Amino acid sequence: MKTTQNDLPIMEVGNENIVLFHPHIAKNATKYVSETLETRWIGQGPKVERFEKEFSEKFCRGLNTVAVGSGTDALHLAYILAGLQPGDEVIAPVFTCTATNIPFLYMGVKIVFADVQKNTLNIDVEHVKELVNEKTKAIVCVHYGGLPCDMDEIHQVAKEWGIPVIEDAAHAPGSSYRGTPVGAISEFTMFSFQAIKHITTGDGGMLSIKDKSILAKAERIRWFGIDRCAKQQGNWENDIKEIGYKYQMTDIAAAIGLAALEEFDEISSHRRKLFEIYEQNLSDVDGLHFIGGGYTDRVHAAWLCTIIAEKRIDLQHKLREFNIESNQVHYRNDRYTILGGRRNNLPNMDAIEDKYLVLPLHTKLTEENVYHVCEVIKSGW
Ligand SMILES: *Cc1c(COP(=O)(O)O)cnc(C)c1O
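This is a predicted model, so every value here is computed, not measured.

> Is there a simple way to explain the site of the ligand in this structure?
Around the ligand, 17 residues are found, and the nearest of them are Gly-71, Thr-72, Asp-168, Ser-192 and Lys-197. Gly-71 is positioned such that a nitrogen or oxygen atom in its backbone is 2.7 Å from an oxygen atom of the ligand. Within the side chain of Ser-192, an N or O atom sits 2.7 Å from an oxygen atom of the ligand. With the chains in place, 93% of the 380 Å² that the ligand exposes on its own is no longer accessible. Assessed atom by atom at 2 Å from the grid points, the ligand resides in the largest pocket.

Shown next, in the form of structure tokens:
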């Protein structure tokens, strides 16, 4: 692993610092959590069910949803439900949070990394077409920063080979692709409610599932493999026939999530506005390339604003002089030993890996803050 171009350490909040991320806690969260703490249900109870339903109506066109303890849980659950077996291959994104790929290691599934597109950092479907073969049992994609991947093209490959598509939509609630919301497109879509995502429940996740017939199985696997409804109705004779785990969400978390849904439209349009300011100001700067802008057939969820910058580390130092935090956030997953180590076989990823940089984007930022960041960048580095 290279150690020469380290990111800078995390910046403190305060002192006019423009930090990279900040959690968004909705106004009613405290109230709903304290109401929940007064009830009999603080673990998985009625609030989880309500959160699933409201989330599904808002983002997944009413598809079945299963709330879980993290986005990672949702992905692991999706991979199990997709029937992946030891020795199977999956085509997966190389540029993502490690959470996308780590569950495969538990399952003994072989990860085949696809390259990124240079303009979006999303999965490159042309490379997917080269990699797919009869051992491939699923295609996984991540909507990097909140820009939907080329879903029609991905689904065309998946259909040809009769395999499911699993979307990591951790960055993308509220986005859509050619009129369909991300959350209602593929066999499985995962969302994350980790601290700095659009919606946070502290930690949490959601899986939307297209095939209604596997919902009951999903719910069992979320809870050790036990049919929880039957158990609550007094049937203690339940056999366990599938290996499940403890993936469920708590009502405490769901209470925070329900409050977040009330504010989602507001926070989402604020994020989009900030993203737009970045895009307008940074699309035409020497030595810099703006990632994921200019699409008209899909809606960007504006989770990350990412640029490709020549002399990236110099720009980062310049921003830091002006109390602006920036960071690379995700790293190519194949740099990690557990994920196979780097093979220099992904030319687009190789070309940008020392050049991309993520700029501050969160609900505590004002439009003025973003104009200021743009001015600092435009003054050169
Ligand atoms: C945050 C994130 C995850 C993991 O979600 P957790 O809720 O932290 O488990 C997975 N994939 C991507 C792309 C993420 O950004």
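> I keep staring at the packing of helix α10 (residues 312-321) against helix α12 (residues 367-378) and nothing clicks. Help me out?
Packed helices, taken two at a time, are described by the angle between their axes plus the distance between the axes. The geometry of α10 relative to α12 is characterised by a closest axis approach of 10 Å and an angle of 130° between their N-to-C directions. As judged from the angle between their axes, α10 and α12 are oblique. Of the two elements, α10 crosses α12, and the hand of that crossing is right-handed. Residues Leu-315, Lys-318 and Leu-319 of α10 lie in contact with α12, whose contacting residues are Val-373, Val-376 and Ile-377.

> Before we go on, may I ask you to explain the sheet that holds strand β2 (residues 89-93) in this structure?
Hydrogen bonding along the main chain pairs the strands of a sheet, whether they run parallel or antiparallel. Read across the open sheet, the seven strands follow the order β1-β9-β8-β5-β4-β2-β3; overall the sheet is mixed. Here the strands that pair on one side only, and so sit at the sheet edges, are β1 (64-68) and β3 (110-114). Taking each pair of neighbouring strands and ignoring which way they run, the sheet shows an average axis angle of 20°. The pairing of β1 with strand β9 (residues 205-209) spans five bridges and is classified as antiparallel. When the bridges of β9 are listed, Ala-67 appears paired with Met-206. On top of the sheet, helix α2 (residues 46-59) reaches β1, β8 (188-192) and β9; it is set at about 130° to β1, its chief contact. Across the sheet, helix α3 (residues 71-81) lies against β1, β4 (136-142), β5 (165-168), β8 and β9, angled at about 165° from β8, the strand it touches most.

> What is the right way to read the layout of surface pockets from this model?
Rolled over the atoms, a probe with the dimensions of a water molecule shows which regions are left empty. By volume, the largest pocket amounts to about 510 Å³. The set of elements that each furnish at least two residues to the lining of the largest pocket consists of α3 and β8. Here the element with the most residues in the lining of the largest pocket is α3; it accounts for three residues. Tallied by class, the residues present in the lining of the largest pocket amount to 16 nonpolar, ten polar and four charged. Among the domains, domain 1 (29-258) and domain 2 (263-378) are the pair contributing at least three residues each to the lining of the largest pocket.

> How should the pairing of strand β12 (residues 305-309) be read in this particular structure?
Across the five residues that make up β12, a large majority, five, are buried. Taking every second residue as pointing to the same face, both faces of β12 are buried, with Cys-305, Ile-307 and Ala-309 on one and Thr-306 and Ile-308 on the other. Bridge analysis of strand β10 (residues 288-290) against β12 gives three bridges, and the strand direction is antiparallel. Within β12, the residue paired with His-289 across the bridge is Ile-308. Sheet topology note: the β12/strand β13 (residues 356-359) ladder contains four bridges and is antiparallel. Within β13, the residue paired with Thr-306 across the bridge is Val-358.

Criteria and cut-off values
- Residues numbered from 1 in each chain as written.
- Predicted model: local features only at pLDDT ≥ 70, side-chain atom pairs only at ≥ 80, totals over all residues.
- Heavy atoms only, no water.
- Near = heavy atom within 4 Å.
- Polar contact = N/O pair within 3.5 Å; in protein donor to acceptor, adjacent residues only side chain to side chain.
- Areas by Shrake-Rupley, 256 points an atom, 1.4 Å probe, with all protein chains shown as cover.
- 1 Å grid on protein atoms, 1.4 Å probe; cavity = no way out; pocket = protein on both sides within 12 Å on 5 of 7 lines; lining within 4 Å.
- Sits in = over half its atoms within 2 Å of the grid points.
- Axes fitted to C-alpha atoms, helices over the stretch in contact; angles between N-to-C directions.
- Helix = DSSP H or I, 4+ residues; strand = E, 2+ residues; numbered from the N terminus.
- Parallel < 35°, antiparallel > 145°, perpendicular 65-115°, else oblique.
- Left-handed = near helix turned anticlockwise from the far one by under 90°.
- Contact = heavy atoms within 4.5 Å.
- Pairing = 2+ DSSP bridges.
- Points joined across faces, edges and corners; volume = space filled by probe spheres on them.
- Nonpolar A, V, L, I, M, F, W, Y, C, P; charged D, E, K, R; others polar.
- Domains from an automatic or database assignment.
- Buried < 20%, exposed > 50% of the residue type's maximum accessible area, 1.4 Å probe, protein only.

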